[in-house]
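Analysis of the macromolecular model
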Number of protein chains: 2
Amino acid sequence: MTIKMQKKRVAIQGTRASFHEEAAFKFFGTDIETIECESFKKTCDVLKQKQADYVVMAIENSIAGSLLPNYTLLREYNFPIVGEVYLAIQLHLLALPGVKFEDIKYVTSHPIAIRQCSDFLDDFPQLQVIESSDTAACAKKIREENLIDTVAIANNLAAELYGLEVMERRIESNKKNYTRFLILTNKANETATYNKASLSFQVGNSVGSLAQVLNILSEHNINLSKIQSMPVLGKRNEYNFYVDIEWKNQPDYDAAIRKVLKHTVNFTIMGEYVKNDKV
Amino acid sequence: MTIKMQKKRVAIQGTRASFHEEAAFKFFGTDIETIECESFKKTCDVLKQKQADYVVMAIENSIAGSLLPNYTLLREYNFPIVGEVYLAIQLHLLALPGVKFEDIKYVTSHPIAIRQCSDFLDDFPQLQVIESSDTAACAKKIREENLIDTVAIANNLAAELYGLEVMERRIESNKKNYTRFLILTNKANETATYNKASLSFQVGNSVGSLAQVLNILSEHNINLSKIQSMPVLGKRNEYNFYVDIEWKNQPDYDAAIRKVLKHTVNFTIMGEYVKNDKV
């Protein structure tokens, strides 16, 4: 008797071979079932309805910053964060095999990817740029509609999946750009070996209230890897903080959280997981 | 002899009657010369070439968060921030006079404005949504091309300037959404009465280094109204902080800055100005 393991079902925003699928492969390996969703909200709905086991969700990019609407989704759906992935954003010019550069009329990609290739595109003003919602979808369209006058700006995975050739490699202006993705699921991590957490909380408006919280963290040797304030909508002078922290010794973390709770309100542990910041 | 005062020339991203012009009017009054620019970078170029006296630049939205690429522009061009404006984002459905709701086939606006009206649009699935780069430009197009089957989602100013009627008022889902704009110019504020500053700096990677800076601010009764960490591109574990602070007594500020300087590197005062957080 053979036991057939069910593949992990991972919901992503966008089309297969997008950066979201690349991030999913990096975290889970390639033996997964990718579930394409048209929006970030849809990925959460799919997870809630148990049609997926995990969501991979971009949360910040080193140039564009935090995707705050995704923080809002995290708070609305309350799925625990159980992991993170950092992905270098490497962008290539992809075309059907045999197409020559001088035959190209159109460049298609996501507006952010287009902006990240502005140095390259500035050198070729004759190319007409067409914006689209998804880098991988642009590559897919070239294959499906056999477009011999069009190139897509997308990743290597899209070249492989849709059978396109890399006409120009690494055309992104900033070679050190990366995106951080979170891994969400239905139930919290069972492992006890985590060393990183994402928190959100509010502090009073008095001078020094945030400093107090950071002092407690620092007294317990807890490192801050991200902090971001967000005004609370409709409440003047109230702030929500999103904070990522890292630690070496679990008892330090436990003690710090207990103390921090006395100085904060609406405290939420959005997830505890294993730090993974290799780009 | 009459002295003709030259109008202030204010560069904005986008078309006249956009939220950027509305913010400019709120800060300077309506007797200004608005200079339309196709990008945020262009507004900075225009200021640098002295074709404008000021730039009005969106820097954060209460839902979408900080516009980090604009922080990058601030650092590249190094223009001092000399003021701030908060603007409530109120979105209306605009049409040519006489057009009836049942005649509408298309809704045009900026993608972010469209998303902010999703509750309204969900009720009318028969309307086809068309994304465009600028709310005001959509209104302008309806007037110029006499589009009787199309409405724009835009502000009141666009209705007035382009002679459109408000068909539905305040269709934004979140009534408390606002955007904060910065006022930039060529030379720093001369006034000595400022009570707010925008700073950027880096701290060492040791645990507690940010807490140390916040403690100094708190000891001098300086309030933090924004904090945001950004990883330094290509430098592992180094962070840049963007911080806005407010104070009541100038000597407090002076003393705090002097002390903070000992605990930070790459410290920049991006601007000192008068706090203005009325939405």
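Rules and cut-offs
Residues numbered from 1 in each chain as written. Chains lettered and ligands numbered in written order. Predicted model: local features only at pLDDT ≥ 70, side-chain atom pairs only at ≥ 80, totals over all residues. Heavy atoms only, no water. Helix = DSSP H or I, 4+ residues; strand = E, 2+ residues; numbered from the N terminus. Buried < 20%, exposed > 50% of the residue type's maximum accessible area, 1.4 Å probe, protein only. Contact = heavy atoms within 4.5 Å. Areas by Shrake-Rupley, 256 points an atom, 1.4 Å probe, with all protein chains shown as cover. Lys, Arg positive; Asp, Glu negative; His and termini not counted. Charge placed at Lys NZ, Arg CZ, Asp CG, Glu CD. Buried area = accessible area lost by both parts, 1.4 Å probe. Polar contact = N/O pair within 3.5 Å; in protein donor to acceptor, adjacent residues only side chain to side chain. Arc of directions from axis to C-beta. Least-squares fit on C-alpha atoms with pLDDT ≥ 70 in both. Domains from an automatic or database assignment.

Structural notes on the overall build of chain A
For chain A, the count of helices and strands is 9 helices and 15 strands. On the principal axes, the C-alpha backbone points of chain A span a range of 65 × 60 × 35 Å. Out of the 279 residues in chain A, the part that is buried amounts to 53%. The contacts in chain A between residues at least 6 apart in sequence include a share of 74% that link residues at least 24 apart. With the model as given, the accessible surface of chain A reaches about 13,300 Å², and the carbon-plus-sulfur share is 48%. Taking the average location of the 33 positive side-chain charges in chain A and that of its 34 negative ones, the two points are 6 Å from each other.

Comments concerning the interface of chain A and chain B
If you look at the interface, chain A gives 37 residues, while chain B gives 37 residues. Summed over both partners, the interface of chain A with chain B comes to about 3,000 Å²; 55% of that surface belongs to carbon and sulfur atoms. Together, Val207, Ile227 and Leu233 of chain A form the three largest contributors to the area buried by chain A at its contact with chain B, with a combined 19%. At the junction of chain A with chain B, the criterion picks out 5 residue pairs in polar contact (both at pLDDT 80 or more). Going through the elements one at a time, β4 (65-66), α3 (68-77), α8 (209-219), β13 (223-231) and β14 (239-246) of chain A are the ones with two or more residues in the side of chain A that touches chain B. Looking at the side of chain A that touches chain B element by element, the count peaks at 9 residues for β13 of chain A.

Quick word on helix α6 (residues 135-144) of chain A
Residues and elements named next belong to chain A. When α6 is considered as a whole, its buried residues turn out to be Thr135, Ala136, Cys138, Ala139 and Ile142. Seen end-on, α6 carries its buried residues on one side only, within an arc spanning 160°. Structurally, α6 contributes buried residues whose contacts are with α1 (19-28), β6 (92-95), β7 (106-109), α4 (111-116), β9 (150-154) and α7 (156-161). A distance of 2.9 Å separates the backbone nitrogen of Ala136 from a side-chain oxygen at the start of α6, and that oxygen is part of Asp134. At the C-terminal side of α6, Asn146 shows a positive phi close to 55°.

Some details on the environment of Gly65 of chain A
Along the chain, the position of Gly65 of chain A falls in strand β4. Taking the C-alpha atoms as reference, Gly65 of chain A lies 9.1 Å from Thr179 of chain A; in sequence the two are 114 residues apart. Apart from residues no more than four positions distant in its own chain, Gly65 of chain A is found in contact with Ile59 and Glu60 of chain A together with Leu68 and Met230 of chain B.

Description of the relation of the copies chain A and chain B
Take chain A, turn it by 180°, move it 0.1 Å along the axis, and it overlays chain B with an RMSD of 0.1 Å. Accordingly, the operation relating the two chain copies is best matched by a two-fold axis. Relative to the rotation axis, the closest C-alpha in chain A is found at Gln228 of chain A, a distance of 2.2 Å. Take the interface residues of chain A: 100% of them recur as interface residues in chain B, which is what a same-surface contact looks like.

Looking at the domain arrangement of chain A
On domain assignment, one finds that chain A holds domain 1 (8-88 + 177-185), domain 2 (92-168) and domain 3 (196-273). Placing the centre of domain 2 of chain A and that of domain 3 of chain A at their C-alpha centroids yields a distance of 43 Å.

Let's talk about the environment of Tyr194 of chain B
Residue and element names in this part refer to chain B. Assignment of secondary structure puts Tyr194 in the loop between β11 (178-185) and β12 (196-202). Relative accessible area serves as the criterion here: at 15%, Tyr194 is assigned to the buried category. Taking C-alpha positions, Tyr194 is 23 Å from Asn266, a pair spaced 72 residues apart along the chain. If sequence neighbours within four positions are ignored, Tyr194 has contacts with Trp247, Gln250, Glu272, Tyr273 and Val274. Among the polar contacts listed, one links the side chain of Tyr194 to the side chain of Glu272, at a separation of 3.1 Å.

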